[in-house]
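Residue-level structural notes
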Amino acid sequence: MFELALGEMLWGRRAVFMAVAAAVPVLLALGLRLAFASGSATIVVNGQHLSPETMFGTAISLLYLRFIVPALGVYYGTSMIADEIEDKTITYLFVRPMRRGAIVLGKYLAYLVCVLAAVLPSAALVFVVMVPLASMGPLVETFVRHLEQIAVGIAAYGAVFVLAGVTFKRPLVGGLIFVFGWEPIAAALPGYVARLTVAHYLQGGIADGIGLVLASIGAVLLAMRTIEQREYVLEQ
Amino acid sequence: MIVATEHLSKWYGEVSGLNDVTVTVPEGVTGLLGPNGAGKSTFMKLVTGQLRPSTGSVRIFGEPIWGNPAQYRRLGFCPEQDAFYTNMTGREWIEALAGLHGMDGDSSRAAATRALDAVDLLDAADRKIGGYSKGMRQRIKLAQAIAHDPALLILDEPLSGMDPLMRRRTIRLIKEWARAGKTVVVSSHILHEIEAMTSNILLMHNGRIVAEGNVHQIRALIDEHPHRVWIRAEDPQAVARLLLSGDEVSSVKFDEGAVIVETARPDAFYTRLTSLAASGEAGAIEEVTSPDDNLQAVFSYLVKE
Amino acid sequence: MNEPAVVLDGVSVHYGRHQALRDITATLPTGAIGLLGPNGAGKSTLIKTLLGLVAPSSGRMRVLGYDVRESPLDVRARVGYMPESDAHIPGMTAVAFVAYCGELAGLPPASAMQRAHEVLFYVGLGEARYRNVETYSTGMKQRIKLAQALVHDPDLLFLDEPTNGMDPKGRDEMLALVRDIATAKAITLIFSSHLLPDVEFACDHVLVLHRGALAAQGPIATLKGTSARVFELRVKGATPSFIDALRGAGVDCDGEPVELMRVYMPENHRAQVLFQIASQHGVQIRHLRASVPSLEDVFARALGEPLEVAADRQV
Amino acid sequence: MPIHDQSYRHYTGERALHRRGWWVIARNGMLARLRERRFLGLLLFAWSPFALHAVQLYIGATIVRAAFFGASEETFHTFLAQQRLFVFFITIYVGAGLIASDRQSNALQLYLSKPITRNAYIVGKLLTLAVFLAAVTWVPAMLLLVLQILFSGSLDFVLDHPRLVPAITLAAALQVTLAAVTMVALSSLSSSRRFAAMLYAGVVIFAGLLATVLEAVTHNGAWVLISPQNTLLFINTAIFNGPPDNLALLGSAGAALILLLVASAVILERRVRAVDVVA
């Protein structure tokens, strides 16, 4: 099932979407780097002259964690099963002598492998391009920390939206609202409200990270159980 | 019995898909018939474990199918919808699905080649399914159903979109599978094609089983339509006179060069007719047939709208 | 109208390298004509060429007296086309859709609306005519496709797989409509389908295409030819001894006794022999009929396929 | 014949052979849209700037005689520029599905089997969108002009600005044609309405963003060419305020628009066909 899912990930609009998501940040980084090099434009934010290194920190958390990783998670997580159901090709997989959960697991792992293989190198590239060689030393440690966050983010968002994809009829719209509507609002609200989002735990320390990984595994298992209980009536 | 259901019902909210069906499917080919919305696809989805019975049970090879994926080793299903991974080639798709049966690389490749050869798609095997014509897509669907050599085959409209030659070849293929010991359930709207495959049918209407078994036996049981026999003879009047002398005949009509007789007791009547024709008493009798002893007539008599 | 509806003279069509039609020359009479051929034989290409939607690379075509290349609009104004796949204009009710097609075919708005109602009743969609087409079942979608092809009262009608996907009752009603149109309404009809018995029921003339070339053409009756000494036999209470007795009398037969058997009678034998053997063995002959070759045999022969009869014997 | 034949009757009425197919398509397309309340709401909303300007003119003409309230050539220029937003929304709302929905529901082969030419189909579809776009650009602009004349009670405003009417007409025409042709061409590229809409929105927004950013960063006006929207603005400014100092840029802007129109025409010619050539 894993190979079949892997194959599906690498053709058609899915691969294009992933390539774009990985390539855009690198291009932006290059553009900004050129702008810095040519010295013709300096970006001054509230009076303080921004250096490339700090730029990289904000770029990572803002661009990757808040936008690219959740977007990929929503797109692939929800469409993984929902697409096959809509295209009615899921029937061929249901009539095979294997637990239906294996379909979810196979696809989820294929998603993890592909997205990690696309996004992490892209983040590394952005790091190399943005941070000049001289001051790279001290930053490596935080860079690795960022990579971990991205990896956990990919796993978490993926798991949450796989579960959404299996349970709801129109998961994509709901997913987008959750990521770009609910999460930013919740972050601003006081008290525990922020805890109801994935983003909150991403920013947290190691403990939150591990908690998130466990939660992801739980979500995937729940998704596997759901797909085995539910009946999918593919209307004519 | 390969497939058996007891008081099987299925409800979608208030809509009743299947209503208290108790039926057994014998070996060989069985034609599943009924007008649109009769519950055929619901029945097939229950038998292939895609839907859970609301009440009652459905068993294949004696065991329930829902939530029991091991059964799919012996079951092949060809769905009606036109749904494919259009970017994969025919061979890749069949091999991938065969792989899901736990076959290793070589055996799934061999199974794929065998299945593709059976449906005569070997030459197009390495082209993308997206570029296949409707007839070829139908055949690749059949191939995925037989790749793992199942003992039970459920085919939903297997011939739709095929050209006449391919239809004939597929009908012969289905009969060969049956002869090779497989049990095949074929659902189709084209009655004369079912007739060409088998005379064992399962007629459904409004979610219930209206009739099951041999078409001709079923026809004989439809008493509000007495058995009608069309006889072409040299001297139809003579034949009619002689037949009227017996009490089996309830009415006689004449057609040019032929006489049409209605009888309520077909066995007695046919025995007498055969001996009459053998004796040549009423002149030569060239042809004998029963215009409404076929699937079309049975279907229209039993499925009154 | 006695002059032929369609005249094709050496028509060839190329899609890039692929030759879709190869030098087709045929004269189609008025009445119902079956257009047969395996997938990819060029059937829909021929229809699109006759509609003037595809320009042939060579040859001339006259439809209803118009030269297709010179006046395609005149041709399409007198022709109705019922496409094979589901085709409707989104977001419209049935009567609005059919009236719109009428206007597109040249009818003034008021007449188009009036014709739409009439045609919808004729194809049996009277009660459902105010419903939106998207809510229609497969059978109803086939009927509305026929309605939009009839609304402007064409003299020539192209039907591409009209009975596709319909249940038995729906198919019988559609076939009755098609036959009524061809016979009672004097509209020439080109009926393309894979279901040969449907074609045989509705048509009296046939055109068989194969790999873009004309494989056979002519009235169905003559193409079928006379029946060889082959009979269909179904009996009740058959015993093995009955079968042996048949073979003993030089009557060869194959197929299972309980199903329909094919029986090959030697020249001098008459049907009576079968009855005599049957009555001796207490067997009832339930069905005995000279096996008239079906349109399928004509189709197979035209495509150089082994005949069904012969083919069965090898198995 | 006492018993009338109830079944199919032949049509003996009038049959105009070369009816204007394109008008039938356009009229049907527009009527279909006008039946939708949401679209009427959008149209109404698109006329709100007009109402604002009308009030402004009224005040200018009656109360304080302040020149700044009165109409000037610039008011019309900014009005047309402001309407750009509504042009964008209406183009997507009406235009995205024009051909895409026909392709999805296989209606294209129905149209082409009727006695209309492919150009009639394309013109009909273009007109459906163009009429609505004109209704939110040219029509309100001209109405403002009429109001100005009515309020000021004299024709001299028009006499003082002879070039105003042709300028408004040309600018509006450019805006409508560009939006309609490109949108319908994009609509013919796919069979999904949403995809065509996203494509159009993507091109307009992304190109616009990129052009403005690069222009700001590099202080070089030439970047305007990469966004059709900005190019159009540049040309409209030239129409209203006379030729800019950088004549070469104006020429290349014109060329860019023409290139875009030609490309769209080629796409339409290739995509609106009876036969999709499947390899």
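Residues numbered from 1 in each chain as written. Chains lettered and ligands numbered in written order. Predicted model: local features only at pLDDT ≥ 70, side-chain atom pairs only at ≥ 80, totals over all residues. Heavy atoms only, no water.

Let us now look at the domain arrangement of chain B. All names here are of chain B. Each domain of chain B was delimited in the assignment, giving domain 1 (3-212) and domain 2 (225-304). Placing a centre on the C-alpha atoms of domain 1 and another on those of domain 2 gives a separation of 39 Å. In this assembly, 12 residues from domain 1 lie in contact with 8 residues from domain 2. In total, domain 1 and domain 2 occlude about 840 Å² of area from one another, counting both sides; carbon and sulfur atoms represent 81% of this. Three residues, Leu-191, Glu-195 and Leu-203, lead the burial of domain 1 against domain 2; their summed loss comes to 51% of the area buried on that side. Linking domain 1 to domain 2 there are 0 salt bridges. (Domains from an automatic or database assignment. Contact = heavy atoms within 4.5 Å. Buried area = accessible area lost by both parts, 1.4 Å probe. Salt bridge = Lys/Arg side-chain N within 4 Å of Asp/Glu carboxyl O.)

Residue and element names in this part refer to chain D. One way to put it is that helix 5 (residues 84-95) packs onto helix 11 (residues 164-189) with a least axis distance of 10 Å and a crossing angle of 30 degrees. Between helix 5 and helix 11, the angle is such that the two are roughly parallel. Helix-helix and strand crossings are classified by hand; for helix 5 and helix 11 the assignment is right-handed. In this structure, helix 5 uses Arg-84, Val-87, Thr-91, Ile-92 and Gly-95 to contact helix 11, whose residues at the interface are Gln-175, Ala-179, Met-183 and Ser-187. (Axes fitted to C-alpha atoms, helices over the stretch in contact; angles between N-to-C directions. Helix = DSSP H or I, 4+ residues; strand = E, 2+ residues; numbered from the N terminus. Parallel < 35°, antiparallel > 145°, perpendicular 65-115°, else oblique. Left-handed = near helix turned anticlockwise from the far one by under 90°.)

Another point: the environment of B:Pro69. Counting through the fold element by element, B:Pro69 comes out in the loop between strand 5 (63-64) and strand 6 (75-78). For B:Pro69, a relative accessible area of 25% gives the class partly exposed. It is 62 Å that separates the C-alpha atoms of B:Pro69 and B:Pro236, two residues lying 167 residues apart in sequence. Non-local contacts of B:Pro69, meaning those with residues more than four positions away in its chain, are made with A:Arg96, A:Pro97, A:Met98 and A:Arg99. (Buried < 20%, exposed > 50% of the residue type's maximum accessible area, 1.4 Å probe, protein only.)

The next thing to look at is the sheet that holds strand 5 of chain B. Residue and element names in this part refer to chain B. Ordered by their spatial adjacency, 4 strands build an open sheet running 2-1-4-5, and the pairing between neighbours is antiparallel. The strands lining the two open edges of the sheet, one partner per strand, are strand 2 (15-25) and strand 5. For strand 1 (residues 3-12) and strand 2, the ladder comprises 7 bridges, and the chain directions are antiparallel. Bridging from a neighbouring strand, Trp-11 pairs with Ser-16 of strand 2. (Pairing = 2+ DSSP bridges.)

Listed per partner, the contact involves 33 residues of chain D and 41 residues of chain C. Carbon and sulfur atoms supply 59% of the area buried between chain D and chain C, which totals about 3500 Å² over both sides. Here chain D is connected to chain C by 1 salt bridge. Residue C:Glu103 pairs with D:Arg27 through a salt bridge whose shortest N-O separation is 2.5 Å. If you look at where chain D meets chain C, you find 13 residue pairs in polar contact (both at pLDDT 80 or more). (Polar contact = N/O pair within 3.5 Å; in protein donor to acceptor, adjacent residues only side chain to side chain.)

This next bit is on the pattern of salt bridges. For the structure shown, the criterion picks out 34 salt bridges over all chains. In this structure, C:Arg286 engages B:Asp267 in a salt bridge whose closest nitrogen and oxygen atoms are separated by 2.8 Å. Highlighted residues: C:Arg286 in strand 14 (residues 284-290) and B:Asp267 in helix 9 (residues 266-279), drawn from two different chains. A residue is classified by how much of its surface remains accessible, and C:Arg286, at 9% relative accessible area, is buried. Residue C:Asp155 is joined to C:Arg78 by a salt bridge in which the shortest nitrogen-to-oxygen separation is 2.7 Å. Within this pair, whereas C:Asp155 is found in the loop between helix 5 (138-150) and strand 7 (156-160), its partner C:Arg78 is found in helix 2 (residues 72-78), the two being separated by 77 residues in sequence. Salt bridges sharing partners connect three or more residues here, namely B:Arg232, B:Glu286, B:Glu287 and C:Arg289.

Turning our attention to the sheet that holds strand 4 (residues 58-63) of chain C. The 4 strands lie next to each other as 2-1-4-5 (chain C), forming an open sheet whose pairing is antiparallel. Bordering the open sheet on either side are strand 2 (18-28) and strand 5 (66-67) of chain C, each of which pairs with just one other strand.

Our focus in this paragraph is a nonpolar patch on the surface. Residues and elements named next belong to chain A. Judged by side-chain polarity, Phe-67, Leu-172, Val-173, Leu-176, Ile-177 and Phe-180 come together as a nonpolar surface patch covering roughly 540 Å² of accessible area. Tallying contributions element by element places helix 7 (residues 171-188) first for the nonpolar patch, with 5 residues. Mapped onto the elements, Leu-172 comes out in helix 7. (Patch = residues over 30% accessible without salt bridge, like charges linked within 9 Å, V, L, I, M, F, W, Y side chains within 5 Å. Areas by Shrake-Rupley, 256 points an atom, 1.4 Å probe, with all protein chains shown as cover.)

It is worth spelling out the pairing of strand 10 (residues 213-219) of chain C at this point. Residues and elements named next belong to chain C. Sheet topology note: the strand 9 (residues 205-210)/strand 10 ladder contains 6 bridges and is antiparallel. Counterpart to Val-208 in the pairing with strand 10 is Ala-216. From the end of strand 9 to the start of strand 10, which pair antiparallel, there are 2 residues, and Arg-211 there has a positive phi angle of about 50 degrees.

Glancing now at the nonpolar core. In terms of nonpolar packing, the biggest core is built from 110 residues, with A:Ile81, B:Trp93, B:Leu155 and B:Trp177 touching the most fellow members. Looking at this core element by element, the count peaks at 13 residues for helix 5 (residues 100-130) of chain A. Each of domain 1 (3-212) and domain 2 (225-304) of chain B accounts for three or more of the residues forming this core. Those residues within four positions of B:Leu155 in sequence are excluded, and the remaining contacts are B:Met44, B:Cys78, B:Leu142, B:Ile174, B:Trp177, B:Val184, B:Val185, B:Val186 and B:Ser187. (Core = buried A, V, L, I, M, F, W, Y, C linked by side-chain atoms within 4.5 Å.)

Our next topic: the interface of chain B and chain A. Where interface size is quoted, it is often the accessible area lost as the parts come together. Contacts between chain B and chain A engage 30 residues on the former and 26 residues on the latter. Contact between chain B and chain A buries roughly 2500 Å² in total, counting both sides, with carbon and sulfur atoms accounting for 61%. Of all residues in chain B, the largest losses of buried area upon contact with chain A belong to B:Gln50, B:Tyr85 and B:Leu100, amounting jointly to 27% of the total for that side. Summed over the shared surface of chain B and chain A, the number is 1 salt bridge. Taking the shortest distance from any N to any O, the salt bridge between B:Lys10 and A:Glu231 comes out at 2.6 Å. The tally of links between chain B and chain A comes to 10 residue pairs in polar contact (both at pLDDT 80 or more). When contributions to the side of chain B that touches chain A are tallied by element, the ones reaching two or more residues are strand 1, helix 2 (90-99) and helix 4 (134-146) of chain B. Looking at which element gives the most residues to the side of chain B that touches chain A, the answer is helix 2 of chain B, with 3 residues.

Looking at chain A, pLDDT values average 75 and 75% of them are 70 or higher. For chain A, per-element mean pLDDT is lowest for strand 1 (residues 44-45) of chain A, which scores 50, and highest for helix 4 (residues 90-94) of chain A, which scores 87. (pLDDT = per-residue confidence, 0-100.)

For the coordinates displayed, the defined rule picks out 16 aromatic pairs over all chains. Considering the side-chain rings of C:Tyr100 and D:Tyr111, the 5.9 Å spacing of their centres and the 80 degrees angle between planes classify their relative orientation as edge-to-face. Residue C:Tyr100 is located in helix 3 (residues 94-104), and its partner D:Tyr111 is located in helix 7 (residues 107-112); the two belong to separate chains. Note on D:Phe39 and D:Tyr93: the rings are 5.5 Å apart at their centroids and 20 degrees apart in plane angle, and the pair reads as stacked. With a gap of 54 residues between them, D:Phe39 in helix 2 (residues 37-46) and D:Tyr93 in helix 5 connect regions that are remote in the sequence. Under the relative-accessibility criterion, D:Tyr93 is labelled buried at 18%. Pairwise contacts between aromatic rings join A:Tyr75, A:Tyr76, A:Tyr108 and A:Tyr111 into one cluster. Lying over the aromatic face of C:Phe201, C:Arg179 brings its terminal NZ or CZ to 4.3 Å of the ring centre. (Phe/Tyr/Trp six-rings, centres within 6.5 Å; stacked < 30°, edge-to-face > 60°. Lys NZ or Arg CZ within 6 Å of the ring centre and 35° of its normal.)

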